[in-house]
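So the chains spell out like this:
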Amino acid sequence: MMQKIQKFGGAMFTPVLLFSFAGVMVGIGTLCTTEAVLGSLAAPTSMWYLIWNVILQGAWCVFNQLPLLFVVGLPIGLAKKQAGRCCMEALVLYLTFHYFVNTILTQWGSVFGVDFAAEVGGSSGLTMIANIKTLDMGMFGALLVSGLVIYLHNKFFDTELPEWLGSFNGSTFIFMIGFFVMLPVALLSVLIWPNIQHGMQIFQNFVMTSGSLGVWVFIFLERLLIPFGLHHLMYSPFYYDNLVCPGGIYSYWATQLPQLAASTASLKSLCPEAAFTATGFSKIFGCPGIALAFYATAKPEKKKQLKGLLIPITLTAIVCGVTEPIEFTFLFIAPVLFVVHAFLAACLSTTINLFGIVGVFSGGLIEMSSLNFIPLMTTHWKEYLLLLVIGLVYTGIYFVVFRFLILKFNFKTPGREDTEETKFYSKVEFRARKDGGVEMDKKTMLAALIMEGLGGADNIVDVTNCATRLRLNVKDETVVKDDAYFKSIGSHGISKNGKSMQVIVGMSVPSVREKFENIMANPSAYALDTGDEAVQHEIKAVANGEAMPVTDVPDEVFASKALGDGVAVIVTDGKVYSPADGEVSMIAETLHAYGISTDDGLELLVHIGINTVELEGKGFTPRVKEGDRVSAGQLLCEVDMKLMKEKGYQMHTPILMTNGDECEDVQLLSNKKAKAGQTTVITYKK
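Cut-offs and rules
- Residues numbered from 1 in each chain as written.
- Predicted model: local features only at pLDDT ≥ 70, side-chain atom pairs only at ≥ 80, totals over all residues.
- Heavy atoms only, no water.
- Helix = DSSP H or I, 4+ residues; strand = E, 2+ residues; numbered from the N terminus.
- Buried < 20%, exposed > 50% of the residue type's maximum accessible area, 1.4 Å probe, protein only.
- Contact = heavy atoms within 4.5 Å.
- Areas by Shrake-Rupley, 256 points an atom, 1.4 Å probe, with all protein chains shown as cover.
- Patch = residues over 30% accessible without salt bridge, like charges linked within 9 Å, V, L, I, M, F, W, Y side chains within 5 Å.
- Salt bridge = Lys/Arg side-chain N within 4 Å of Asp/Glu carboxyl O.
- Axes fitted to C-alpha atoms, helices over the stretch in contact; angles between N-to-C directions.
- Parallel < 35°, antiparallel > 145°, perpendicular 65-115°, else oblique.
- Left-handed = near helix turned anticlockwise from the far one by under 90°.
- Nonpolar A, V, L, I, M, F, W, Y, C, P; charged D, E, K, R; others polar.
- Pairing = 2+ DSSP bridges.
- Phe/Tyr/Trp six-rings, centres within 6.5 Å; stacked < 30°, edge-to-face > 60°.
- Lys NZ or Arg CZ within 6 Å of the ring centre and 35° of its normal.
- Expected span 1.5 Å × (residues − 1).
- Core = buried A, V, L, I, M, F, W, Y, C linked by side-chain atoms within 4.5 Å.
- Lys, Arg positive; Asp, Glu negative; His and termini not counted.

### Brief notes about the overall build of the protein chain
A tally of helices and strands in the protein chain yields 24 helices and 22 strands. Taking all 686 residues of the protein chain together, 53% fall into the buried category. A fraction of 72% describes how many contacts in the protein chain between residues 6 or more apart in sequence connect residues 24 or more apart. Surface accessibility of the protein chain: about 30200 Å² in total, with carbon and sulfur atoms responsible for 60%.

### Observations regarding the environment of Ala-262
The topology assignment puts Ala-262 in helix H13 (residues 249-262). A relative accessible area of 54% places Ala-262 in the exposed class. As a C-alpha pair, Ala-262 and Glu-35 span 227 residues in sequence and 8.3 Å in three-dimensional space.

### Details of a nonpolar patch on the surface
A cluster of nonpolar residues, Leu-354, Phe-355, Leu-386, Val-389, Val-393 and Ile-397, forms a patch on the protein surface that exposes about 530 Å² of accessible area. For the nonpolar patch, the element with the highest residue contribution is helix H19 (residues 365-409), accounting for 4 residues. Among the secondary structure elements, Phe-355 is positioned in the loop between helix H18 (335-354) and H19.

### Some thoughts on the packing of helix H15 (residues 281-297) against H19
H19 packs onto H15 with a crossing angle of 30° between their chain directions and a minimal axis gap of 6 Å. One finds that H15 runs roughly parallel with respect to H19. The hand of the H15/H19 crossing is right-handed. In the contact of H15 with H19, the residues fall into 19 nonpolar, 6 polar and 1 charged.

### Here we look at the side chain of His-153
In this fold, His-153 is placed in helix H9 (residues 138-156). By relative accessible area, which is 0% here, His-153 ends up buried. Not counting the four nearest positions on each side in its chain, His-153 is found in contact with Ala-79, Lys-81, Gln-82, Arg-85, Cys-86, Glu-89 and Ile-174.

### A word on the sheet that holds strand S5 (residues 469-474)
The antiparallel open sheet is built from 4 strands, whose spatial order is S4-S5-S7-S6. On the outer flanks of this sheet lie strand S4 (460-465) and strand S6 (494-497), each paired with one strand and no other. Between one strand and the next, the sheet's axes are offset by a mean angle of 20°, whatever the strand orientation. Sheet contacts for helix H22 (residues 509-521): S4 and S5; angle to S4, the most-contacted strand, approximately 160°.

### Description of the packing of aromatic side chains
Across all of its chains, the model carries 14 aromatic pairs by this definition. Ring centres 6.0 Å apart and planes at 50° place the aromatic pair Trp-48 and Trp-52 in the tilted group. Taken together, the residues span about one helical turn, with Trp-48 and Trp-52 both in helix H5 (residues 47-59) at a distance of 4 residues. Residue Trp-48 is classed as partly exposed on the basis of its relative accessible area of 33%. Given a relative accessible area of 19%, Trp-52 falls into the buried group. Ring geometry for Phe-179 versus Phe-180: centroids 5.4 Å apart, planes at 80°, classification edge-to-face. Linked through ring pairs, Phe-100, Phe-175, Phe-179 and Phe-180 together constitute an aromatic cluster. Positioned above the aromatic ring of Tyr-295 is the side chain of Lys-303, whose terminal nitrogen or guanidinium carbon lies 5.2 Å from the ring centre. One cation-aromatic arrangement involves Lys-481 over Tyr-485; the distance from NZ or CZ to the ring centre is 5.5 Å.

### Examining H18
Three or four residues apart is the spacing at which side chains of an α-helix point the same way, because the helix has 3.6 residues per turn. Here H18 spans 29 Å end to end across 20 residues, near enough to the 28 Å set by a 1.5 Å rise per residue. Among the 20 residues in H18, 14 count as buried, and that is most of the element. Looking one or two places after H18, you find Gly-356, whose phi comes out positive at around 85°.

### Digging into the pattern of salt bridges
Taken as a whole and assessed by the stated rule, the structure comprises 8 salt bridges. Arg-223 is paired through a salt bridge with Glu-222; the nearest N and O atoms lie 2.8 Å apart. The class for Arg-223 is buried, based on a relative accessible area of 2%. Across the salt bridge formed by Glu-477 and Lys-499, the nearest N and O atoms sit 2.9 Å from each other. Residue Glu-477 is found in the loop between S5 and helix H21 (483-488), and its partner Lys-499 is found in the loop between S6 and strand S7 (500-504); the two are separated by 22 residues along the sequence. Assessed through its relative accessible area of 30%, Glu-477 is described here as partly exposed.

### Describing the nonpolar core
Grouped together as the largest cluster of nonpolar side chains are 86 residues, with contacts concentrated most on Trp-253, Phe-281, Leu-387 and Phe-402. A total of 12 residues in this core trace back to one element, the largest contributor, which is H19. Those residues within four positions of Trp-253 in sequence are excluded, and the remaining contacts are Leu-260, Leu-267, Cys-271, Ala-274, Val-358, Gly-359, Val-360, Leu-371, Asn-372 and Leu-376. Within the second largest apolar cluster, 35 residues are counted, among which are Ile-596, Phe-620, Val-624 and Val-630.

### What about the sheet that holds strand S11 (residues 565-570)?
Strand order in this open sheet of 8 strands is S17-S13-S14-S15-S19-S11-S10-S21, and the pairing throughout is antiparallel. In this open sheet, the two edge strands, each paired with only one partner strand, are strand S17 (629-630) and strand S21 (672-674). Bridge count for strand S10 (residues 545-549) against S11 is 3 bridges, and the pairing is antiparallel. What sits directly across from Met-548, in S11, is Ala-568.

### Brief notes about the packing of H13 against H19
For any two helices packed against each other, the geometry comes down to the angle between their axes and how far apart the axes lie. At a minimum axis separation of 9 Å, H13 and H19 run at an interaxial angle of 20°. The angle between H13 and H19 falls in the class roughly parallel. Seen from above, H13 lies across H19 with left-handed handedness. Residues Tyr-250, Trp-253, Leu-257, Leu-260 and Ala-261 of H13 touch H19, and the partners they reach there are Glu-367, Leu-371, Asn-372, Pro-375, Leu-376, Thr-379 and His-380.

### Here we look at the pairing of strand S18 (residues 635-639)
Pairing between strand S12 (residues 575-577) and S18: 3 bridges, direction antiparallel. Counted as the bridge partner of Val-576 is Cys-637 from S18. Bridge count between strand S16 (residues 620-622) and S18: 3 bridges; the pairing is antiparallel. Bridged to Phe-620 within S18 is Val-639.

### Brief notes about the side chain of Asp-555
The topology assignment puts Asp-555 in the loop between S10 and helix H23 (556-559). It is Lys-561 that comes nearest to the buried, bridge-free Asp-555 among opposite-charge side chains, at 14 Å.

### Some details on the environment of Val-479
Following the sequence through the fold, Val-479 ends up in the loop between S5 and H21. A relative accessible area of 18% places Val-479 in the buried class. Between the C-alpha atoms of Val-479 and Val-630, which are 151 residues apart in sequence, the distance is 9.1 Å. When sequence neighbours within four positions are dropped, the list of residues in contact with Val-479 reads Gly-453, Leu-454, Gly-455 and Asn-459.

Written as structure tokens, this is what we have:
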């Protein structure tokens with residue numbers, strides 16, 4: 001359920017991507033049509049005003065049609081097939097739903113306690129959707145209907161009807177089912193929603209009467225929900241619905257800009273409702289402090305590489321208001337820092353609110369400028385100057401607090417990792433491996449490397465994206481590589497939740513997703529080859545016990561490396577595991593030896609014990625069979641240690657690289673206590 005909610009929250013961001021440009025145009029249009037700013041040039045009868053009013057009304061499209069926008073936008077992120085068809089189905093069934101609601105309330109409104117003869121707007125609980133008078137369910141109604149249609153589409157779109165009903169396949173079939181589903185949904189809506197509206201009014205009164213405390217709680221919760229992808233669900237009713245003010249804060253604030261620009265009173269006294277859009281202050285002022293703390297605490301040899309990472313993701317937060325890239329660089333390494341970040345963000349916004357400064361401050365510098373600084377600077381420049389001072393003070397607070405906590409608790413934030421400097425694979429000029437393969441640009445390379453890290457195209461169930469993340473479900477989560485790999489290829493890491501994966505890409509995620517889907521459609525054409533560039537690989541211990549060079553094994557054949565170089569582990573608990581990801585290529589008839597072909601072509605021989613071939617299979621219980629796909633740490637065989645002890649067999653178990661001459665820079669990491677599937681005993685490049 002949580003995975004579905006996360007995908008839902010991420011998909012909601014698809015329509016939100018349009019808000020930044022729309023907000024800029026509304027801000028500029030409002031500026032150019034406000035007499036208080038431009039004087040007689042912006043008089044309502046002037047040609048200047050008339051031209052800019054045309055532009056302004058067009059810019060209002062996104063905000064005036066939000067329910068319809070979200071109805072058709074949600075399927076883009078959540079439909080698993082034929083997303084365009086699903087958008088059409090969602091729109092038609094959403095309108096059908098409202099026609100049902102309209103007719104029910106027209107005929108029996110008094111039965112449900114609704115005065116359907118009242119004018120729309122105000123406290124009537126009624127609105128107009130596509131010229132249909134209906135219940136004002138706002139964003140909730142749009143998301144409810146669209147979500148139901150997406151479910152029906154994903155489940156039934158490919159249903160094959162009898163040939164004589166062939167014209168009803170596909171979208172027509174979804175419309176047929178959805179038509180009858182919308183009837184009970186409409187009935188339940190008119191029965192339940194008026195009570196929900198009453199509850200929302202109570203909540204609204206609570207929020208509005210909580211003052212700065214309400215602002216602090218709202219901002220704190222909004223930041224905390226980011227890792228789960230649910231922050232959109234938190235702020236959407238405030239920003240784009242009628243919870244706090246008519247039409248949502250965004251729409252309401254924009255309509256008030258002429259009055260705000262004409263007054264020198266404090267913004268908080270003029271439009272206190274806008275206090276809840278203060279989520280952007282931590283993006284403008286907090287993220288630079290975090291970045292500076294990371295850089296100051298990084299190891300000297302890693303600072304140059306770290307600077308190249310921090311500058312673009314910090315600018316993304318400041319200018320565009322998208323913070324996931326920088327937040328996800330430390331979120332899963334040190335979650336406590338994210339809680340501190342949420343706390344400081346709430347304190348920053350509340351402090352600014354206490355000084356009487358409010359506005360549409362949820363985005364980055366572009367959005368803030370268009371809806372605040374540009375149209376209101378003339379009459380409110382003192383407030384914005386104070387805002388800058390408070391913000392810079394908090395940048396310093398962020399830096400001091402984060403630096404202290406990183407050093408105090410030795411958090412392995414970017415630049416402080418214990419591993420060697422990570423190679424950025426995205427810098428490698430990858431080529432198509434097979435004849436007829438396609439040339440890859442940078443984003444295609446990144447998509448291909450992401451797919452490789454997720455276990456290949458066959459392991460992908462579905463893929464969507466939000467503003468900065470690829471969101472995927474996989475068949476087998478055990479084959480997905482770790483966070484270090486995903487950072488090494490040029491992404492910002494990976495978040496795992498069971499079979500649900502989030503790969504943090506950044507603002508280029510829509511185009512990377514497109515490349516990703518192209519590769520899924522024809523994976524063989526995009527097979528990766530690093531050419532002469534050798535990549536380091538690891539072999540893990542096959543058992544819990546002491547690891548030693550194969551030359552120390554008390555058997556001349558192994559010690560002489562006649563079968564290959566390697567490392568041996570003394571089995572102590574009777575369990576032997578796979579040393580690497582790959583395929584079981586061989587199991588000896590006597591069950592004491594196993595061949596593993598790794599994904600990069602290395603052939604490994606795992607020989608359990610010395611001279612145990614003499615047992616002819618007694619005491620060995622295989623847990624895999626030839627041809628099985630295995631991962632490092634997966635159980636291969638169980639051994640009867642009591643029998644081995646009674647018979648006097650030594651349990652030195654060599655891991656031999658039988659074609660090790662094809663590898664480069666082989667390092668044997670022995671003479672240590674090893675843990676099966678975790679301790680690296682051999683590294684090599686290939």
